[in-house]
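# Structural description and commentary
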Amino acid sequence: QTQDSCSSNVNLNDQVRFDTTTLNCAPVWSSQNFILRYAHTSPNLWSFVLSVPDSNSYIAMGFSPNGQMVGSSAIVGWMLNTGTGTIKQYQLSGQRSDQVLHDQGNLQVNSSMIISQPQSKRLYLIFQLNTEQPLSRVIYAVGQPSVFPISPNFALVEHTDKASTALNYVTGQTKSETPHAKLRKGHGILNMLGWGILMIIGAIVARYSKQWDPLWFYAHTLIQSLGFMLGLAGVICGIILNNKLDADVSSHKALGIIILVLGCLQIMAFLARPDKTSKVRKYWNWYHHNVGRIMIIFAIANIFYGIHLGEKGKSWNAGYGVIITILFLIAVVLEIRLWKRN
Ligand code: HEM
Ligand code: HEM
């Protein structure tokens, strides 16, 4: 079994040079079952023992100035089937293999080793750092099975999973960090509110409250303008986020730009609308209504797609799902009333 937990002691025999019985212990990455034991051994020395299930790939623990991968220095270790273990420091200066540099970085490594415990199917990454206080942003990664760095350049491959956390060394508490959490949240909420909620409410107002003329018109103009401004801000946040994350979200981005273009077309059409009595007004109406409908459908799709990309999970899906359902039900009721009236 691959169990280890903070209620059990590590038994690393006499392989380790420092006392492993008085370490603090914290489950630091629960989905991968990473357990970190550490101690402030002496004023300028910290000891770490990272216990992870042996998945036949490299394991890494890095110290980050800001929670992001880029800019961190990491201790990376792997154990070949032959039983040879290797542990090295890498400088993570970019998110490409050739930007992850072996035997570089700003950690003062005092000693390091990797041990495998066949009976518990676990690997132990053990190292000591010369520092008064290690950085509290700690990142972890697991490599690809059976792919190991080889001499002379010891290139790493991209991880199959990674985590960014903040560790409180006093209490041992770990909380997971999402890089650019505020920008992500801002992008999601602005787009949701702008394109995915206000624009729909604006369309409902235009379709079902024509009896209150010209009030419906002002309300529609106001709501759609507000929706457009929030949505535009949301798209700008998206582009900034995309530059920062360097993530591959090309379909989501393309759909987002199409939505923005449709939104601009709607505003231009609105400004250039022909008179109500004009002959071409019929065609204008058809155009404005259908571009609006397509935009809303694309927006709803891109919101669920964005939530999926951002791994925001069930709560965002459920929240937006509920709002969309309510708006849809309101529209159905109003549509029925509209048909009855005619
Ligand atoms: C050659 C080796 C590596 C490559 C090619 C690589 C590549 C990448 C890429 C492309 C991303 C962004 C994609 C995404 O968010 O899904 C990323 C994110 C991340 N990586 Fe790496 N990585 C490498 C090594 C490492 C190591 C050794 C660690 C940990 C010690 C690490 C920790 C992280 C973390 C925590 C993130 C998410 C936070 C962020 O985006 O900055 N990476 N990596
Ligand atoms: C040029 C346009 C856009 C770009 C470049 C962009 C980029 C991004 C990026 C990079 C993410 C994070 C994905 C990740 O974490 O890996 C994201 C998430 C998201 N996007 Fe966009 N996006 C754009 C337009 C839109 C539009 C128009 C909508 C809605 C109609 C939208 C809705 C969302 C939502 C709901 C999320 C999830 C929020 C989160 O991750 O916190 N995006 N987008």
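Cut-offs used in this document
- Residues numbered from 1 in each chain as written.
- Chains lettered and ligands numbered in written order.
- Predicted model: local features only at pLDDT ≥ 70, side-chain atom pairs only at ≥ 80, totals over all residues.
- Heavy atoms only, no water.
- Pairing = 2+ DSSP bridges.
- Helix = DSSP H or I, 4+ residues; strand = E, 2+ residues; numbered from the N terminus.
- Axes fitted to C-alpha atoms, helices over the stretch in contact; angles between N-to-C directions.
- Near = heavy atom within 4 Å.
- Polar contact = N/O pair within 3.5 Å; in protein donor to acceptor, adjacent residues only side chain to side chain.
- Donors = N, O, S within 2.8 Å, 3.2 Å for Na, K, Ca; no water.
- Tetrahedral: all angles 85-135°; square planar, octahedral: opposite > 155°, others 65-115°.
- Buried < 20%, exposed > 50% of the residue type's maximum accessible area, 1.4 Å probe, protein only.
- pLDDT = per-residue confidence, 0-100.
- Disulfide = S-S within 2.5 Å.
- Nonpolar A, V, L, I, M, F, W, Y, C, P; charged D, E, K, R; others polar.

Let us now look at the sheet that holds strand β10 (residues 137–142). The strand order β7-β6-β5-β4-β10-β11-β12 describes an open sheet built from seven strands, whose pairing is antiparallel. Both edges of this open sheet fall to β7 (100–102) and β12 (174–176), since each of them pairs with a single strand only. The average undirected angle you get between the axes of adjacent strands in this sheet is 30°.

Here five strands make up an open sheet; going across it, the order is β1-β2-β3-β9-β8 and the pairing antiparallel. Lying at the two open borders of the sheet, with one neighbouring strand each, are β1 (24–29) and β8 (109–117). Pairs of neighbouring strands in the sheet enclose a mean axial angle of 20°, with direction left out of account. The pairing of β8 with strand β9 (residues 122–129) spans eight bridges and is classified as antiparallel. Its bridge partner lying in β9, Ser112 is registered against Phe127.

The next thing to look at is the site of ligand 2. Taken together, 24 residues sit near ligand 2, with Arg184, His187, His252, Gly306 and Lys312 positioned nearest. One of the side-chain N or O atoms of Asn191 is found 3.5 Å from a nitrogen atom in ligand 2. A distance of 3.5 Å separates an oxygen atom of ligand 2 from a polar atom in the backbone of Leu309. Residue assignment for the shell around ligand 2 shows that the elements contributing at least two residues are α1 (181–208), α2 (215–245), α3 (250–271) and α4 (281–309). In terms of residues, the shell around ligand 2 owes the most to one element, α4, which gives six residues.

In this section: the coordination of the iron atom of ligand 1. Only Met69 (SD) and His159 (NE2) from the protein reach the iron atom of ligand 1 as donors, at distances of 1.9 to 2.1 Å. Geometry at the iron atom of ligand 1 is octahedral, judged from the six donor atoms that bind it and their angles of 86 to 178° at the metal. Taken as a pair, Met69 in the loop between β4 (59–64) and β5 (72–79) and His159 in the loop between β10 and β11 (161–167) lie far apart in primary sequence, 90 residues in all. Relative accessible area serves as the criterion here: at 22%, His159 is assigned to the partly exposed category.

Attention now moves to the confidence of the model for the protein. Summarising the model, the protein shows a mean pLDDT of 93, and 99% of its residues fall at 70 or more. The ipTM for the predicted assembly is 0.72, set against a pTM of 0.69.

Summed over all chains, the structure comprises one disulfide. Covalently, Cys6 is tied to Cys25 through a disulfide, its sulfur atoms 2.0 Å apart. Between Cys6 and Cys25, the S-S dihedral sits near -75°, and the bridge is therefore left-handed. Of the two residues, Cys6 is situated in the segment before β1 and Cys25 in strand β1; the sequence distance between them amounts to 19 residues. On the accessibility criterion, Cys6 (37% relative accessible area) is partly exposed.

The local shell around ligand 1 holds 20 residues, among which Met69, Gln95, Leu156, His159 and Lys162 are the closest. Between ligand 1 and Gln95, the relevant distance is 3.4 Å, taken from an oxygen atom to a side-chain nitrogen or oxygen of the residue. A distance of 3.0 Å is found between an oxygen atom of ligand 1 and a side-chain nitrogen or oxygen belonging to Lys162. If you list the elements that add at least two residues to the shell around ligand 1, you get β4, β10 and β11. Residue composition of the shell around ligand 1, grouped by class: 12 nonpolar, five polar and three charged.

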